[in-house]
Amino acid sequence: MFTEIRNPYIFLNIFFLFTVNLLDSRTVMGDLGWIAYPKNGWEEIGEVDENYAPIHTYQVCKVMEQNQNNWLLTSWISNEGASRIFIELKFTLRDCNSLPGGLGTCKETFNMYYFESDDEDGRNIRENQYIKIDTIAADESFTELDLGDRVMKLNTEVRDVGPLTKKGFYLAFQDVGACIALVSVRVYYKKCPSVVRNLARFPDTITGADSSQLLEVSGVCVNHSVTDEAPKMHCSAEGEWLVPIGKCLCKAGYEEKNNTCQAPSPVSSVKKGKITKNSISLSWQEPDRPNGIILEYEIKYFEKDQETSYTIIKSKETMITADGLKPGSAYVFQIRARTAAGYGGFSRRFEFETSPVSVAASSDQSQIPIIVVSVTVGVILLAVVIGFLLSGSCCDHGCGWASSLRAVAYPSLTWRCGYSKAKQDPEEEKMHFHNGHIKLPGVRTYIDPHTYEDPNQAVHEFAKEIEASCITIERVIGAGEFGEVCSGRLKLQGKREFPVAIKTLKVGYTEKQRRDFLGEASIMGQFDHPNIIHLEGVVTKSKPVMIVTEYMENGSLDTFLKKNDGQFTVIQLVGMLRGIASGMKYLSDMGYVHRDLAARNILINSNLVCKVSDFGLSRVLEDDPEAAYTTRGGKIPIRWTAPEAIAFRKFTSASDVWSYGIVMWEVMSYGERPYWEMTNQDVIKAVEEGYRLPSPMDCPAALYQLMLDCWQKDRNSRPKFDEIVSMLDKLIRNPSSLKTLVNASSRVSNLLVEHSPVGSGAYKSVGEWLEAIKMGRYTEIFMENGYSSMDAVAQVTLEDLRRLGVTLVGHQKKIMNSLQEMKVQLVNGMVPL
Ligand code: AMP
């Protein structure tokens, strides 16, 4: 019925908690309308605060009298549709020891009750119809001495009640002989506030009735975006959004900006200029709402009623001359502007007519020099723009990359080109033709950059060139294989500056090193998934050579978990695993085998979203899905690698699944090293002999089973990534399925006997044991408090741990579980203590 409120989500700094007050006695200006009976029990103290607002404090102090039963009833409180509500009480309580005369009858607790009803009629009910919420005790009581010092120790206690089934309820406080002042009562419910994530809007959502319930909420794509994978999030009982799944994408022509997809408004005012028998000159004004810097205009025109055959001209100016037109014919013009956010909508149609043949001849001779100048300027302008397009170097998002694509896809396209409607389809324009590989829309496969004769070509096919001046380097955050990794900011033209990570290639590199370094960008640039690290672009035209990616605030997952040992809820950990599995599903669908999947190669951002990174080692599958690419002599991360990949270099998505199982183990054990300090040779031998890692402590049985499935010797028996994603989704939707943990004795049966920290024989010292379970920080405290031998340690209780100052629940569990396990093994005769 009730639970105490702890907040296990303190690390989710981005999700702010959202509570809605149903009652706050401190903010009620007039009478609260509460009833006390008997009349001489609870009494309201008529005090006002510094703003003369009433403080509704109720007190009772009948500590010298026997058989007290004093009730205080609130007025009816609507629950506003919430099915779990929270009650925060602030009160002071007198220490009975400080009342010598009252010791026999004095109490130090009071009781809180509730009664549900659909309306206010339920007030006159009997005491025994109230349902008890809890007995409330004070953490701190006050004494005569405190009174003298005027120090009143205010206690705050929170309880929750649910599921509620009626429209509202009453609360009641029962005193049975304590000396209490109830200073304030706040009643509230929690909701997950409306947010936009991954371009999907999630509505205000009242949390579920069950304190462990996660509500699955569907998001709605923001304007100008479409569903990529159905966006969903989970609203926790604490009012936090967890485990975002899926995303929306901006429609073609729109680009994401501040969680919206915005493009320039249409050009509204178009004026005709000079008209001859073969040409029409036009000018126009910038759109009313450019929504960014206008990079160019696209002018589409066609002969009236001949819409299927039209011409497109692009111009950086707000005027053009369309020539080569038929005399005496009507032409329809439409113009649209492009910013970094893409194209806006076309203007309405403007219709103009060329001069008839006879009239054209009589056109004003005085205009000839102007025409000559205009044409010359036009030609020069055209040449400049072509040069600009082909050079492809600017901070602009679209120019370098998109233009080279355009040139590859339509080698015959000139700057000003007439082409059929079908060809102009923006989707088709995005089609990639690379080195003879034709990539059809919807059938995206990974292209190995090694298939390019010139690796520089590969990098420019898949990565945008960024000008070094657009990047501000701020600080070094890590060391990569080829040089430092820095954090910094990227400012692209027409876009807001945003944080990025910058990998640099150290000076004095060889050509091969440069190729390998940029190879990662050529691979990364082909991926577009919320759980794959996103490439912003590369700097290759100046030194140092750089790879710029999105910035992941929490760095690599293994270090992050080690730093925050025991701090996350199981659902948060499963959310991380779900993200990794989803990224891996995407990679395997693309035919890409990672080969180095490990927690150290996963990056995690401030939203706890995990993304697969590190594409340095990776290779591609051959066309035959059964044929795995084999390497000669590359380094293999033994602890993470499937036996068949180690033995005969059979790297497949199934071997990635094995590695994924190891990542699951790393995550659930907060960054523990797989197989601890065993040597690589011992690991290979043990795995070959059928040993597997034991379940991490406190691991839900369903997750450990999934790990074991990933570690099936027969690679065809391992689950596929899409199955893993579905399985994790199911667990997230039904968190109670995560409550069954692997128990200590079954963990022992899976133990890698020689090398588990708990199974490695007797610990020589308390320090060694604590170090082995990564609790070394408590060694001194244990020793100082007399727990200097393993025998003494075996007697430690949870209470003792709290007394020793081990306050983190995760750490308490780790120590207690390890002790429990040692006891089980002792019983089994496995580990002599
Ligand atoms: P790597 O060369 O990819 O292994 O990167 C070396 C280290 O730099 C990683 O372990 C991270 O700590 C850090 N790092 C790399 N990329 C990023 C990023 N995108 N955001 C934040 N930190 C990163």
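A brief structural summary. Being a predicted model, the structure only gives us computed values, none of them experimental.

1. Focus on the overall build of the protein chain
Thinking step 1. If you tally the helices and strands in the protein chain, you get 21 helices and 41 strands.
Thinking step 2. Within the protein chain, the proportion of its 833 residues that are buried is 51%.
Thinking step 3. A separation of at least 24 residues holds for 68% of the contacts in the protein chain among residues at least 6 apart in sequence.
Thinking step 4. A total of about 38,400 Å² of accessible surface is found on the protein chain, and carbon and sulfur atoms cover 52% of it.

2. Remarks on the sheet that holds strand 16 (residues 215-218)
Hydrogen bonds between backbone atoms are what pair the strands of a sheet, whose relative direction is either parallel or antiparallel.
Thinking step 1. Taken together, the three strands give an open sheet; going across it, the order is 16-18-19, and neighbouring strands pair in antiparallel fashion. Strands with a single pairing partner mark the edges of an open sheet, and in this sheet they are strand 16 and strand 19 (241-250). On average, adjacent strands in this sheet sit at an angle of 15° to one another, irrespective of strand direction.
Thinking step 2. Pairing geometry for strand 18 (residues 225-235) and strand 19, over seven bridges, is antiparallel. Each bridged residue has a counterpart across the sheet, and for K232 the counterpart in strand 19 is I245.

3. Brief notes about the pattern of salt bridges
Thinking step 1. For the structure on display, the rule yields 28 salt bridges.
Thinking step 2. Residues R84 and D160 are paired through a salt bridge, measuring 2.7 Å at the closest nitrogen-oxygen approach. Here D160 lies in strand 10 (residues 155-161) and R84 lies in the loop between strand 6 (77-78) and strand 7 (85-93), a separation of 76 residues in the sequence. Here R84 and D160 have matching classes, each one buried.
Thinking step 3. The partner of D729 in a salt bridge is R578, and the shortest N-O contact between them spans 2.7 Å. Note that D729 is positioned in helix 15 (residues 721-733) and R578 in helix 10 (residues 570-589), a separation of 151 residues in sequence.
Thinking step 4. Residue class for D729 comes out buried when judged on its relative accessible area of 14%.
Thinking step 5. For R578, a relative accessible area of 4% translates into the label buried.

4. Examining the side chain of S315
Thinking step 1. Checked against the element boundaries, S315 lands in strand 25 (residues 309-315).
Thinking step 2. Side-chain polar atoms of S315 contact the backbone nitrogen of E317, separated by 2.9 Å.

5. Description of the pairing of strand 5 (residues 70-73)
Thinking step 1. Burial of strand 5 is two-sided: the residues N70 and L72 facing one way and the residues W71 and L73 facing the other way are all buried.
Thinking step 2. Where strand 2 (residues 35-37) lies against strand 5, three bridges are found, and the strand directions are antiparallel. Residue I35 lies in a different strand from strand 5, and its bridge partner there is L73.
Thinking step 3. Pairing of strand 5 with strand 11 (residues 168-175) involves four bridges; the strand directions are antiparallel.

6. Notes on the sheet that holds strand 13 (residues 195-197)
Thinking step 1. Spatial ordering of the open sheet is given by 13-14-17, a layout of three strands whose pairing is antiparallel. The sheet is open, and its two borders are formed by strand 13 and strand 17 (220-221), each paired with just one other strand.
Thinking step 2. Summarising the sheet, strand 14 (residues 200-202) and strand 17 pair through two bridges and their orientation is antiparallel. Looking at strand 17, one finds that A200 is bridged to C221.

7. So, the environment of T135
Thinking step 1. Summarising the element assignment, T135 is placed in strand 9 (residues 131-137).
Thinking step 2. Judged by relative accessible area, T135 falls into the partly exposed class, the value being 32%.
Thinking step 3. Once the C-alpha coordinates of T135 and T109 are considered, the two residues, 26 residues apart in sequence, prove to be 6.5 Å apart.
Thinking step 4. Those residues within four positions of T135 in sequence are excluded, and the remaining contacts are T109, F110, N111 and R159.
Thinking step 5. Within polar-contact distance, the side chain of T135 engages the side chain of K132 at 2.7 Å.

8. Considering the site of the ligand
Thinking step 1. Close contacts around the ligand come from 15 residues, with A501, K503, T549, E550 and M552 the closest.
Thinking step 2. Within the contact set of the ligand, a nitrogen atom lies 2.9 Å away from a backbone nitrogen or oxygen of E550.
Thinking step 3. Within the side chain of D614, an N or O atom sits 3.4 Å from an oxygen atom of the ligand.
Thinking step 4. Bound to the protein, the ligand loses 82% of the 480 Å² it would expose on its own.
Thinking step 5. When residues of the shell around the ligand are traced back to their parent elements, those giving at least two are strand 33 (471-479), strand 35 (498-504) and strand 37 (546-550).
Thinking step 6. The element contributing the most residues to the shell around the ligand is strand 33, with three residues.
Thinking step 7. Looking at side-chain class alone, the shell around the ligand contains eight nonpolar, four polar and three charged residues.

9. A word on the packing of aromatic side chains
Thinking step 1. Per the counting criterion, the structure on display carries 24 aromatic pairs.
Thinking step 2. Seen in terms of ring centroids, F115 and Y130 are 6.0 Å apart; in terms of plane orientation they differ by 65°. Their pairing is edge-to-face. Of this pair, F115 sits in strand 8 (residues 109-117) while Y130 sits in the loop between strand 8 and strand 9, and the two are 15 residues apart along the sequence. A single burial state applies to F115 and to Y130, both of which are buried.
Thinking step 3. Each residue in the set Y446, F527, Y586, Y592 and F615 is aromatic and connected to the rest through ring pairs, giving one cluster.
Thinking step 4. Geometry around Y310 places K300 over its ring, the cationic atom sitting 4.5 Å from the centre.

10. A few points about helix 14 (residues 701-710)
Thinking step 1. Residues L703, Y704, L706, M707 and C710 constitute the buried set of helix 14. Burial along helix 14 is one-sided: seen end-on, the buried residues are contained in an arc of 155°.
Thinking step 2. The secondary structure elements touched by the buried residues of helix 14 are helix 10, helix 12 (653-668) and helix 15.

11. Brief notes about a negative patch on the surface
Thinking step 1. Together, D118, D119, E120 and D121 give the surface a local cluster of negative charge.
Thinking step 2. Turning to its location among the elements, D118 is positioned in the loop between strand 8 and strand 9.
Thinking step 3. Residue D118 is classed as partly exposed on the basis of its relative accessible area, which comes to 40%.

The rules behind the values
- Residues numbered from 1 in each chain as written.
- Predicted model: local features only at pLDDT ≥ 70, side-chain atom pairs only at ≥ 80, totals over all residues.
- Heavy atoms only, no water.
- Helix = DSSP H or I, 4+ residues; strand = E, 2+ residues; numbered from the N terminus.
- Buried < 20%, exposed > 50% of the residue type's maximum accessible area, 1.4 Å probe, protein only.
- Contact = heavy atoms within 4.5 Å.
- Areas by Shrake-Rupley, 256 points an atom, 1.4 Å probe, with all protein chains shown as cover.
- Pairing = 2+ DSSP bridges.
- Axes fitted to C-alpha atoms, helices over the stretch in contact; angles between N-to-C directions.
- Salt bridge = Lys/Arg side-chain N within 4 Å of Asp/Glu carboxyl O.
- Polar contact = N/O pair within 3.5 Å; in protein donor to acceptor, adjacent residues only side chain to side chain.
- Near = heavy atom within 4 Å.
- Nonpolar A, V, L, I, M, F, W, Y, C, P; charged D, E, K, R; others polar.
- Phe/Tyr/Trp six-rings, centres within 6.5 Å; stacked < 30°, edge-to-face > 60°.
- Lys NZ or Arg CZ within 6 Å of the ring centre and 35° of its normal.
- Arc of directions from axis to C-beta.
- Patch = residues over 30% accessible without salt bridge, like charges linked within 9 Å, V, L, I, M, F, W, Y side chains within 5 Å.
- Lys, Arg positive; Asp, Glu negative; His and termini not counted.
- Charge placed at Lys NZ, Arg CZ, Asp CG, Glu CD.

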